[in-house]
Amino acid sequence: MTKKASSSYSLAELASLLNATLAGDGECRVSGLSTLTEAGPNDIAFLANKAYAKYLATTQAAAVLLHPDYVDECPVSALVLDNPYLGYARLSHCFDPLRRDDAVTMIHASAVVHESAVLGECVFIGPHAVIEAGVQLGNGVHIGANCFVGADSALGDKSYLHAGVVIYHGVVIGERAILHSGAVIGGDGFGFAHDGQGWHKIAQLGGVVLGNDVEVGSCTSIDRGALGDTVIGHDVKIDSQVQIAHNVHIGDHSALAGCVGVAGSTRVGQHCLLGGGVGLAGHIDIADRVQVTGMSLVTNSITDAGVYSSGTGSMPNAQWRRNAVRFKQLDELSRRVRALERSQN
């Protein structure tokens, strides 16, 4: 389905915006962005994956954003870039229906804003939001309906909280952060001491610090530190339903896909990629530029950059059952092999 915006753009305008080479009619106007197969005559489409090149010849789009290798095959006007996927990312904001006017301050009548809170210019606070004492909101901050921002927290310029985000006390969020509905930042870390019969809660005295340009998906939890802070670096992208425990550090420009779990006091380096469902044990270090493939479990530190995996891929159940039996026999088999080797020496 094509996303529509209220305005349209000429191809010449978009080429200038993207610093792209225009091949075709610069006066042609487009008002939507779509895929090659679903685009109509008022849309611009994109080709960023060669697997979809087979749809280029029959597209009904007015124009296509693509790599120079495909210009000669394109039956319509084209915007030509070496990195069309990056161009698509930038172009998508032109057609985003959530774009808003930052020119005025608007505080809904049902919002509760403590008198000691400090608000920058052009702040939006939606219905039934709560802003507690000592909060600082930068310029252009958007607080959606039913959000809660706890005491002494701070949000940097142009940070955007969708409806229903909860920010506990003493949380610091950098500029241009995006937090999606249901995200909880600064809840207590999972800290308890056992006396042999029951559990005793450990007060979580640290906070959470999110850097600039961080995005946090819906229903993701980032726990506050036990003593020091939990720290999420600049430009970190976190998907939905991710759990980040207390005192974790995530390095700049890393990305965590859905359902990742990071246990307490683990440090993840810069430019790391954690696939969906990855689990990191606590108190380990992950080097810069490490990629961990989906559903892997990491229980020891990783000291060198590279791609890491654990577990096995899916297979027919009957085969898996046979392999599971053999897995239980591996220790005994290893002992027998070592014994055989010793007997032959």
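Attention here is on the structure that accompanies the text. Note that the structure is predicted; figures quoted are calculated from it, not measured.

Some words on the overall build of the chain
Next, step 1: From N to C terminus, the chain includes 3 helices and 38 strands.
Next, step 2: Taking 2.2 N^0.38 as the reference for a compact globule, 345 residues should give roughly 20 Å; the C-alpha atoms of the chain span a radius of gyration of 26 Å, well beyond that estimate.
Next, step 3: Counting only C-alpha atoms, the chain reaches 85 × 60 × 35 Å along its principal axes.
Next, step 4: Across the 345 residues of the chain, 39% fall into the buried class.
Next, step 5: Long-range contacts, defined as pairs at least 24 residues apart, comprise 19% of the intrachain contacts of the chain with a sequence gap of at least 6.
Next, step 6: Of the roughly 18500 Å² of accessible surface on the chain, 53% is carried by carbon and sulfur atoms.
Next, step 7: Distance between charge centroids for the chain: 13 Å, based on 23 positive and 33 negative side chains.

Details of the packing of aromatic side chains
Each aromatic ring pair is summarised here by two numbers: the centre-to-centre distance and the angle between the ring planes.
Next, step 1: What the rule picks out here adds up to 6 aromatic pairs.
Next, step 2: Ring centres 5.2 Å apart and planes at 70° place the aromatic pair Phe-190 and Phe-192 in the edge-to-face group.
Next, step 3: Residue Phe-190 is classed as exposed on the basis of its relative accessible area of 74%.
Next, step 4: Their ring planes at 75° and their centres at 6.5 Å tell us that Phe-192 and Trp-199 sit as a pair that is edge-to-face.

Description of the pairing of strand β20 (residues 184–187)
Regular strands show a simple pattern: their side chains alternate between the two faces of the sheet.
Next, step 1: The pairing of strand β17 (residues 166–167) with β20 spans 2 bridges and is classified as parallel. When the sheet's bridge partners are listed, Val-166 is paired in β20 with Val-184.
Next, step 2: Taken together, the 3 bridges between β20 and strand β25 (residues 221–223) define a ladder with parallel strand orientation. Bridge pairing in β25 places Gly-187 opposite Asp-223.

Focus: the layout of surface pockets
Next, step 1: For the second largest pocket, the calculated volume is near 170 Å³.
Next, step 2: Contributing to the lining of the second largest pocket are Thr-35, Leu-36, Thr-37, Phe-46, Leu-47, Ala-48, Asn-49, Tyr-52, Tyr-55 and Tyr-85.
Next, step 3: Along the lines of polarity and charge, the residues of the lining of the second largest pocket split into 7 nonpolar, 3 polar and no charged.

Structural notes on the pattern of salt bridges
Next, step 1: For the structure shown, the criterion picks out 6 salt bridges.
Next, step 2: For Glu-13, the salt bridge goes to Arg-29, with nearest N and O atoms at 3.9 Å. One end of the pair, Glu-13, is in helix α1 (residues 11–18); the other, Arg-29, is in strand β3 (residues 29–34), with 16 residues separating them in the sequence.
Next, step 3: For Glu-13, a relative accessible area of 41% corresponds to the partly exposed category.
Next, step 4: By relative accessible area, which is 43% here, Arg-29 ends up partly exposed.

A word on the state of the cysteines
The bond known as a disulfide is covalent and runs between the sulfur atoms of two cysteines.
Next, step 1: Tallying each qualifying case throughout the model produces 0 disulfides.
Next, step 2: Here Cys-219 is not disulfide-linked; the sulfur of Cys-259 is the nearest cysteine sulfur, at 10 Å.
Next, step 3: Judged by relative accessible area, which is 48%, Cys-219 ranks as partly exposed.

Things to note about α1
Next, step 1: Looking at α1, one finds that the buried residues are Leu-11, Leu-14, Ala-15 and Leu-18. Along the axis of α1, the buried residues cluster in a sector spanning 100°; they form a single face.
Next, step 2: Looking at the residues trailing α1, positive phi occurs at Asn-19, about 55°.

Here we look at the environment of Ile-238
Next, step 1: Positionally, Ile-238 belongs in strand β27 (residues 237–238).
Next, step 2: Take Ile-238: its relative accessible area is 4%, and that puts it in the buried class.
Next, step 3: Distance from Ile-238 to Phe-95, taken between C-alpha atoms, is 23 Å for residues 143 residues apart in sequence.
Next, step 4: Ile-238 has contacts with Glu-215, Val-216, Gly-217, Thr-220, Ile-222, Ile-232, Ile-244 and Leu-256, leaving out every residue within four places of it along the chain.

Examining the sheet that holds strand β16 (residues 160–161)
Next, step 1: Across the sheet, which stays open at both edges, the 11 strands sit in the order β7-β10-β13-β16-β19-β24-β27-β30-β33-β36-β38 with parallel pairing between neighbours. Two strands close off the open sheet at either side, each with one partner strand: β7 (106–107) and β38 (306–308).

Points about the packing of α1 against helix α2 (residues 84–92)
Each pair of packed helices gets described by two things: the angle between the helix axes and the distance between those axes.
Next, step 1: It is the contact of α1 with α2, at a shortest axis distance of 10 Å, that shows an interaxial angle of 115°. Judged by the inter-axis angle, α1 sits roughly perpendicular to α2. Considering how the two elements wind past one another, α1 and α2 form a crossing that is right-handed. When α1 is examined against α2, the residues Leu-14, Leu-17 and Leu-18 are found in contact with a partner set consisting of Gly-87, Arg-90 and Leu-91.
Next, step 2: Here the contact of α1 with α2 is built from residues that sort into 4 nonpolar, 1 polar and 1 charged.

Definitions and cut-offs
- Residues numbered from 1 in each chain as written.
- Predicted model: local features only at pLDDT ≥ 70, side-chain atom pairs only at ≥ 80, totals over all residues.
- Heavy atoms only, no water.
- Helix = DSSP H or I, 4+ residues; strand = E, 2+ residues; numbered from the N terminus.
- Rg over C-alpha atoms; globule rule 2.2 N^0.38 Å.
- Buried < 20%, exposed > 50% of the residue type's maximum accessible area, 1.4 Å probe, protein only.
- Contact = heavy atoms within 4.5 Å.
- Areas by Shrake-Rupley, 256 points an atom, 1.4 Å probe, with all protein chains shown as cover.
- Lys, Arg positive; Asp, Glu negative; His and termini not counted.
- Charge placed at Lys NZ, Arg CZ, Asp CG, Glu CD.
- Phe/Tyr/Trp six-rings, centres within 6.5 Å; stacked < 30°, edge-to-face > 60°.
- Pairing = 2+ DSSP bridges.
- 1 Å grid on protein atoms, 1.4 Å probe; cavity = no way out; pocket = protein on both sides within 12 Å on 5 of 7 lines; lining within 4 Å.
- Points joined across faces, edges and corners; volume = space filled by probe spheres on them.
- Nonpolar A, V, L, I, M, F, W, Y, C, P; charged D, E, K, R; others polar.
- Salt bridge = Lys/Arg side-chain N within 4 Å of Asp/Glu carboxyl O.
- Disulfide = S-S within 2.5 Å.
- Arc of directions from axis to C-beta.
- Axes fitted to C-alpha atoms, helices over the stretch in contact; angles between N-to-C directions.
- Parallel < 35°, antiparallel > 145°, perpendicular 65-115°, else oblique.
- Left-handed = near helix turned anticlockwise from the far one by under 90°.

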